[in-house]
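Observations on the model geometry
Chain by chain, the residues:
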Amino acid sequence: QVRLVESGGGLVQPGGSLRLSCVASASMYIEVMAWYRQAPGKQRELVASITSVGSTNYGDSVKGRFTISRDNAKNTVSLQMNSLKFEDAAVYYCFVPPSHWGQGTRVTVAA
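Keep in mind that what you see is a predicted model, and the values were worked out from it rather than measured. (Residues numbered from 1 in each chain as written. Predicted model: local features only at pLDDT ≥ 70, side-chain atom pairs only at ≥ 80, totals over all residues. Heavy atoms only, no water.)

1. Focus: the overall build of the protein
Test applied: Secondary structure elements follow DSSP: runs of H or I of four or more residues count as helices, runs of E of two or more count as strands, with numbering from the N terminus. The globule rule is 2.2 Å times the number of residues to the power 0.38, and the radius of gyration it is compared with is taken over C-alpha atoms. Should any heavy atoms of two residues lie within 4.5 Å, those residues are counted as being in contact. When charges are counted, neither His nor the chain ends are considered; positive counts come from Lys and Arg and negative counts from Asp and Glu. For the purpose of locating charges, the reference atoms are NZ of Lys, CZ of Arg, CG of Asp and CD of Glu.
Helices and strands together make up the secondary structure of the protein, namely zero helices and 11 strands. Listing every helix and strand of the protein by position from the N terminus yields β-β-β-β-β-β-β-β-β-β-β. For 111 residues, the compact-globule estimate of 2.2 N^0.38 gives 13 Å, and the C-alpha radius of gyration of the protein, at 13 Å, lies within 12% of that figure. Seen through its C-alpha atoms, the protein measures out along the principal axes to roughly 40 × 25 × 20 Å. In the protein, once contacts between residues fewer than 6 apart in sequence are set aside, the share between residues at least 24 apart is 52%. Here the protein contributes 11 positively and 7 negatively charged side chains, and the mean placements of these two sets differ by 3 Å.

This is the structure:
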């Protein structure tokens, strides 16, 4: 069983930065950790993923602006979000395959 707890969401102005964190309480080895997001009226989409050896994958809309990282010893994954845009506003979810989701943390981008 995996329990995921996110933190770090909030309100930010366009062009600003936020850092999201997710702590995984797990009794098993975690190979992949990821962040997804879902905006109102839209499908949930992959933001970024990272393997235990640090291989990363990013959604096209966040490449060059967001950085995912993890601490294997602490079972944490973070998402550094820079140059935020209005369209980045969403609920961000931590995810561990195959089906473990966090409760979500809201990111609001407003002037």
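There's more to say after this.
2. Concerning the side chain of T105
The criterion, for reference: Here a polar contact means two N or O atoms within 3.5 Å. Within protein one must be a hydrogen donor candidate and the other an acceptor candidate, and residues neighboring in sequence count only if both atoms are side-chain atoms.
Residue placement: T105 occurs in strand 11 (residues 105–109). There is a polar contact of 3.1 Å between the side chain of T105 and the backbone nitrogen of G9. Once residues within four sequence positions are removed from consideration, T105 is found in contact with E6, S7, G8, G9, L20, A90, V91 and Y92.

3. Some remarks on the sheet that holds strand 1 (residues 2–7)
This is how the line gets drawn: Two strands form a pair only when DSSP identifies at least two bridges running between them. Convention adopted: a line fitted to C-alpha atoms gives each axis, helices being fitted over their contacting stretch, and angles between N-to-C directions are expressed from 0 to 180 degrees.
Taken in spatial order, the four strands make up an open sheet running 1-3-8-7, and their pairing is antiparallel. Bordering the open sheet on either side are strand 1 and strand 7 (66–71), each of which pairs with just one other strand. On average, each strand axis in the sheet is tilted by 15° relative to the strand beside it, whichever way the strands run.

4. Re the side chain of R65
Mapping R65 onto the fold places it in the loop between strand 6 (56–58) and strand 7. Of the polar contacts made by the side chain of R65, one reaches the backbone oxygen of S83; its length is 2.9 Å. Looking at R65, its side chain comes within polar contact range of the side chain of D88, at 2.7 Å. For R65, the residues in contact, after removing those within four places along its chain, are Q80, M81, N82, S83, L84, K85 and D88.

5. Observations regarding the pattern of salt bridges
The condition that has to hold: The salt bridge definition used is simple: a Lys or Arg side-chain nitrogen within 4 Å of an Asp or Glu carboxyl oxygen. Here the term buried applies to any residue with accessible area under 20% of the maximum for its type, exposed to any over 50%, and partly exposed to those in between, with areas from a 1.4 Å probe on protein chains only.
Taken as a whole and assessed by the stated rule, the structure comprises four salt bridges. Between D60 and K63 there is a salt bridge, with the nearest N and O atoms lying 3.1 Å from each other. Here K63 falls in the partly exposed class, since its relative accessible area comes to 49%. R65 is the partner of D88 in a salt bridge, and the nearest nitrogen-oxygen pair spans 2.7 Å. You can see D88 sitting in the loop between strand 8 (76–81) and strand 9 (90–96) and its partner R65 sitting in the loop between strand 6 and strand 7, a full 23 residues away along the chain. R65 carries the same exposure label as D88, and that label is buried. Through salt bridges with shared partners, a single network forms among R37, E45, R65 and D88.

6. Points about unusual backbone geometry
Note the cis peptide between P97 and P98, where omega equals 10°. Turning to its location among the elements, P98 is positioned in the loop between strand 9 and strand 10 (100–101). Its identity is not glycine, yet N75 carries a phi of approximately 55°, on the positive side. Examined against the element boundaries, N75 turns out to sit in the loop between strand 7 and strand 8. Since its relative accessible area comes to 18%, N75 is described here as buried. Residue S83 is not a glycine yet carries a positive backbone phi of 50°. As for its position among the elements, S83 is in the loop between strand 8 and strand 9.

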